Amino acid sequence: MSKEEKLNIKEQNDTAMGIKKVKVRIMCNDFLRTIIKYECRGFAILLLLLFVSLNVSGQAVLLDKTTGQRISYAQILNSKGAVIGTTDIDGTLPQDLNDEVVTIQHIAYKPKSVKSSLFKEDIPIYLNPIEYQLNAVTVTAKNREYIHLKTYFRSYQLNDSCMKYFRDGYLDFFIDTKHKDAERFAIKIRNFQNDSLIDMDKERANTLVDKYIYTPSLDGLTLMERLKKEGWKFTTDSIDSRLRLNEVVGGVIRIDTIQRVLRVEYDVLATKKKTPKTLFGYTTCLENYYQTENYIYNSEYQSYMDLINRKNYRKLFFSHKKDIKEQMIEIIDELYVLEHEYITKDEMKQYKKALKSKSNKPLVEWNMDNTIITPLAPQLERILNEDLSQVK
């Protein structure tokens, strides 16, 4: 038995300690290896309720309605759109919330409104996954020089639980598969802001603007590729495996064998110290930083050709030395792949030429396809429409 398998067994034993009521749906790794082996031979096998579900008495967990897998790092929003809690790596829901109707959101699932009082009961809460329409791609030796992605992004910021900034738009990316370089082209971008909150900002001799939303770029490597390069380990033949670097657990990798989707959820600060930074009398301290990426499942690797979407959640504290209290700032960044294809170098040049030509700019429709783009929580949609104004 390998060291990683022993650590997984110890983790499961530790979790089971003190549990009064346990509901178990379990499939052992040996059986999973058999399943994977037969799938490779072309057999169609349907797997339901794949993950071990442990319910601690008096505590609820968040589960995938299709697979029964736990959902890590989902945000819980109150009626005003404020993020009042998150699930942990095991999908455990917080119990210290006021009794009210809340909305649970995660990039891979449809938002759901429930009573927070249910979080104190030993029943699971289920989310319905987004049913991705995953199209097959023809690959030849000639056309693998570049990956072309058409994407939609949105980035929004909450200051003390109030939405202050929102940006969204359409971007095209060209990724050199050999040199791992990525080039970005902005097709259309919109910006919104909460003028009433901005008017309350204090003017100082050296003023730092507390604006953390951004237009995303792509590194040469996906999150999965980068984690492997940095030495993070996980069990490759498991549908639910912890990410480990030495003795540190920094996330989880889960595989949905029904939709053929792999999800990696990573705690960026797992191996880093939370060190405050000071400039011109302003202090910022990053408290939480979670990254999630979903891929078309490929047992060998996950490249940008396999990327479905990604999400970053950051929470930091921001203050000036003369402020009475610090601000809590939360930033949510999401990127959705609308279309993907392999292209040759000559095709890439033609695309870029067309994108640079004003007369050939593609028409943009702001109607979101909910089979690809996770709907914004209703309260955030309402706040965006009623409280923010578009910046020209």
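Anyway, here's the lowdown on the structure attached to this text. (Residues numbered from 1 in each chain as written. Predicted model: local features only at pLDDT ≥ 70, side-chain atom pairs only at ≥ 80, totals over all residues. Heavy atoms only, no water.)

**Structural notes on the side chain of Glu225**
Here is step 1: If you trace the backbone, Glu225 turns up in helix H4 (residues 223–230).
Here is step 2: On the basis of relative accessibility, which here comes to 18%, the residue Glu225 falls in the buried class. (Helix = DSSP H or I, 4+ residues; strand = E, 2+ residues; numbered from the N terminus. Buried < 20%, exposed > 50% of the residue type's maximum accessible area, 1.4 Å probe, protein only.)

**A closer look at helix H6 (residues 378–387)**
Here is step 1: When H6 is considered as a whole, its buried residues turn out to be Gln379, Leu380, Ile383 and Leu384. What you see down the axis of H6 is that its buried residues fit within an arc of 140°, all on one side. Along H6, exposed side chains directed more than 90 degrees from the buried face belong to Pro378, Asn385 and Glu386.
Here is step 2: Where H6 is buried, its residues contact strand E2 (75–77), strand E4 (101–106), strand E7 (146–159), strand E8 (162–176) and strand E9 (182–193). (Arc of directions from axis to C-beta. Contact = heavy atoms within 4.5 Å.)

**As for the pairing of E8**
Here is step 1: With 14 of its 15 residues buried, E8 lies for the most part within the structure.
Here is step 2: With 14 bridges connecting them, E7 and E8 associate as antiparallel partners. Looking at E8, one finds that His148 is bridged to Phe174.
Here is step 3: Remark: two residues form the turn of the hairpin made by E7 and E8, two consecutive strands paired antiparallel; Asp160 in that turn has positive phi of roughly 50°. (Pairing = 2+ DSSP bridges.)

**Observations regarding the nonpolar core**
Here is step 1: Core analysis: the biggest nonpolar cluster contains 30 residues, and Leu149 and Val264 have the highest contact counts within it.
Here is step 2: Setting aside chain neighbours within four positions, we find Leu149 in contact with Leu171, Asp172, Phe173, Ile175, Leu218, Tyr304, Val337, Glu339 and His340. (Core = buried A, V, L, I, M, F, W, Y, C linked by side-chain atoms within 4.5 Å.)

**Notes on the pattern of salt bridges**
Here is step 1: Per the stated rule, a full pass over the model turns up 18 salt bridges.
Here is step 2: The salt bridge involving Lys352 is made with Glu183; its shortest N-O contact spans 2.7 Å. With Lys352 in helix H5 (residues 345–356) and Glu183 in strand E9, this pair connects stretches of sequence that are 169 residues apart.
Here is step 3: Glu265 serves as the salt-bridge partner of Arg263, at 2.9 Å between the closest nitrogen and oxygen.
Here is step 4: Judged by its relative accessible area of 7%, Arg263 is buried.
Here is step 5: Assessed through its relative accessible area of 1%, Glu265 is described here as buried.
Here is step 6: Look at the salt bridges and you will find they share partners, linking Asp90, Asp240, Arg242 and Arg254 into a network. (Salt bridge = Lys/Arg side-chain N within 4 Å of Asp/Glu carboxyl O.)

**Here we look at H5**
Here is step 1: Compared with an ideal rise of 1.5 Å per residue, which puts 12 residues at 16 Å, H5 spans 17 Å between its outermost C-alpha atoms and is within 8% of the ideal.
Here is step 2: By the burial criterion, the buried members of H5 are Met348, Lys352 and Leu355. Considered in projection along H5, the buried side chains sweep an arc of 60° and stay on one side of the axis. Among the exposed residues of H5, those pointing more than 90 degrees away from its buried face are Asp346, Gln350 and Lys353.
Here is step 3: In this fold, the buried residues of H5 make contact with E7, E8, E9 and strand E16 (327–343). (Expected span 1.5 Å × (residues − 1).)

**Brief notes about the environment of Ile213**
Here is step 1: The residue Ile213 is located in the loop between helix H3 (195–199) and H4 in this model.
Here is step 2: C-alpha separation for the pair Ile213 and Asp168, spaced 45 residues apart in sequence, amounts to 9.9 Å.
Here is step 3: Filtering out sequence-adjacent residues up to four positions away, Ile213 remains in contact with Ser155, Tyr156, Gln157, Tyr165, Phe166, Arg167 and Ile331.

**Some words on the sheet that holds E2**
Here is step 1: One open sheet holds the four strands; their spatial order is E3-E2-E4-E5, and the pairing between them is antiparallel. Looking at strand neighbours, the two that pair on one side only are strand E3 (83–86) and strand E5 (109–115), the edges of this open sheet. The sheet shows a mean angle of 25° between the axes of neighbouring strands, taken without regard to direction.
Here is step 2: The sheet contact formed by E2 and E3 spans three bridges and is antiparallel. (Axes fitted to C-alpha atoms, helices over the stretch in contact; angles between N-to-C directions.)

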